[in-house]
Amino acid sequence: MDTKDIILSLRTKSGLSQEDLAAKTYVTRQAVSRWENGETVPNTETLKLLSQLFDVSINTLLGSPRQLICQCCGMPLEDDAISKETDGTFNEEYCKWCYHDGEFAYTSLEQLIDFLAGHMANAERSPEQVRAYLEGYLPKLNHWK
């Protein structure tokens, strides 16, 4: 989906007119119309306002141009799993289980690996196999570099 379609969809789902959305984002109704017609894209500050207003990530507003993964545990990030800062803004680097209320849940890589190995092991992969995979993969993520 393109940004224009996403903004239109979110606005109509929220029951807002173009005028209402314009007032909430400090722009003109014409600016909202241009976004929804694909003539322009909101600037960075307006994208932040739209993200907060509709409770979706900026990545989602832009049509999910990149696949987000948690830079702590490696889990794919969808809007309902993305962490938020204490002010309510999305932090698109981490999932809500690794980072919440401005703090990280895991104080060491070993602590995270212990937790994940216990939960990811199954009939096909032993805890040792999961642990070996995680020990090779997780240190490559930004949080653990």
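Here the structure is a predicted model, which means the values were calculated and not measured.

A.B. asks: Describe in detail unusual backbone geometry, supporting the description with residues and values.
C.D. replies: Despite not being glycine, Asp-55 has its phi angle at roughly 55°, a positive value. If you trace the backbone, Asp-55 turns up in the loop between helix H4 (44-54) and helix H5 (58-61). The residue Asp-101 is not glycine, and still its phi comes out positive at about 55°. Along the chain, Asp-101 falls in the loop between strand S3 (99-100) and strand S4 (103-104).

A.B. asks: Can you break down the pattern of salt bridges residue by residue, with the values?
C.D. replies: Evaluation of the coordinates by the stated rule reveals five salt bridges. Across the pair Asp-55 and Lys-84 runs a salt bridge, and its minimum N-O distance is 2.4 Å. Placement of Asp-55 in the loop between H4 and H5 and of Lys-84 in strand S1 (residues 82-84) is noted, with a sequence separation of 29 residues between them. A salt bridge links Arg-131 to Asp-114; the shortest N-O distance between them is 2.9 Å.

A.B. asks: Can you tell me about the environment of Ala-132, naming the residues and giving the values?
C.D. replies: Looking at where Ala-132 falls in the secondary structure, it is placed in helix H7 (residues 127-137). Assessed through its relative accessible area of 49%, Ala-132 is described here as partly exposed. For the pair Ala-132 and Ala-117, spaced 15 residues apart in sequence, the C-alpha to C-alpha distance is 9.2 Å.

A.B. asks: How would you summarise the packing of aromatic side chains if you had to cite specific residues and measurements?
C.D. replies: Inspection of every chain in the model, using the stated rule, returns five aromatic pairs. Arranged with centres 5.6 Å apart and planes meeting at 15°, the rings of Tyr-133 and Tyr-137 form a pair that is stacked. Residue Tyr-133 and its partner Tyr-137 are both found in helix H7; the two are separated by four residues, about one turn of the helix. Judged by relative accessible area, Tyr-137 falls into the partly exposed class, the value being 24%.

Rules behind the numbers
Residues numbered from 1 in each chain as written. Predicted model: local features only at pLDDT ≥ 70, side-chain atom pairs only at ≥ 80, totals over all residues. Heavy atoms only, no water. Helix = DSSP H or I, 4+ residues; strand = E, 2+ residues; numbered from the N terminus. Salt bridge = Lys/Arg side-chain N within 4 Å of Asp/Glu carboxyl O. Buried < 20%, exposed > 50% of the residue type's maximum accessible area, 1.4 Å probe, protein only. Phe/Tyr/Trp six-rings, centres within 6.5 Å; stacked < 30°, edge-to-face > 60°.

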